[in-house]
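Spelled out from the first residue to the last, the chains are:
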Amino acid sequence: MTFLSVDAGPLRPSRRWYAVAAVTLLLALVTGAGLAFLPGRLGGSVGQGVPAGRSVPVRFAAGEEADRMVWITGAGPTVPAVTCEPSALDVRELEEWHSVSTTGDEIVRSAGGRQWRGVLVIRAEPPGRYAVRCDVVPAQPGLELSIGGPPWLFGVKARALTQLGAVGLGMTGTVGGGALAIIVAARRSAHRRRLSLLP
């Protein structure tokens with residue numbers, strides 16, 4: 001029979017392939033965990049300081065860059081309510097004002113040696129410069145506000161997509177690493193049987 005012509009030697013494939021399977025699984029799980037952690041933590045900028053209760057000029061762009069993020073620092077574990085209201089500066093009048101709370105999205109970033117948390121996404125229509133006043137209730141000493149750019153990924157849609165991607169990567173790594181380990185084990189077992197039949 002054909003298998004009798006196989007030369008005796010070490011089992012093939014080598015055990016190194018088990019390590020490849022383990023690394024495949026580990027990389028997929030680590031990447032998936034990192035992906036689940038991403039929303040609210042990449043990109044964005046803290047931007048300009050905003051004294052609570054005072055109006056500051058803020059320029060709102062058009063299109064994908066229309067949103068601005070209101071950040072807070074020094075709030076401790078309980079984030080107070082932050083509200084912002086605009087008034088037109090170099091535009092004729094305000095047509096639309098969007099203000100959406102993001103306190104439940106855990107949007108955080110470090111800047112200036114402090115931890116900032118995103119609390120509001122604001123947008124004004126039409127694009128242009130507005131005077132924006134932000135108030136904090138209840139007022140607390142040591143609180144600072146700023147208006148900057150939002151992260152690249154945030155909100156319910158981004159969180160759902162990244163969690164779906166994380167689960168998909170974990171499943172792919174588990175199935176791929178497990179299948180590779182099974183194939184290696186099966187081929188090593190078959191090779192062992194062939195070698196045992198050699199004279």
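See the structure above.
Anyway, here's the lowdown on the structure attached to this text. Since the structure is predicted, the reported quantities are computational estimates derived from the model, not experimental observations.

## Some remarks on the pairing of strand β7 (residues 114–125)
Then, number 1: In this structure, strand β3 (residues 68–73) lies alongside β7, joined through five bridges in antiparallel fashion. Bridge pairing in β7 places W71 opposite G118.
Then, number 2: As paired elements, strand β5 (residues 96–101) and β7 share six bridges and run antiparallel to each other. Bridge pairing in β7 places E96 opposite E125.
Then, number 3: The hairpin turn running from strand β6 (residues 108–111) into β7, its antiparallel successor, is two residues long, and G112 in that turn takes a positive phi close to 60 degrees.

## Quick notes on the state of the cysteines
Then, number 1: Here the structure, examined in full by the defined rule, presents one disulfide.
Then, number 2: One disulfide in the model links C84 with C134; its S-S distance is 2.1 Å. Its torsion about the S-S bond being 105 degrees, the disulfide of C84 and C134 is classed as right-handed. On the criterion of sequence distance, the pair formed by C84 in strand β4 (residues 81–88) and C134 in strand β8 (residues 128–137) is long-range, its members being 50 residues apart.
Then, number 3: Accessibility expressed as a relative area gives 0% for C134, which makes it buried.

Reading the values: the criteria
Residues numbered from 1 in each chain as written. Predicted model: local features only at pLDDT ≥ 70, side-chain atom pairs only at ≥ 80, totals over all residues. Heavy atoms only, no water. Pairing = 2+ DSSP bridges. Helix = DSSP H or I, 4+ residues; strand = E, 2+ residues; numbered from the N terminus. Disulfide = S-S within 2.5 Å. Buried < 20%, exposed > 50% of the residue type's maximum accessible area, 1.4 Å probe, protein only.

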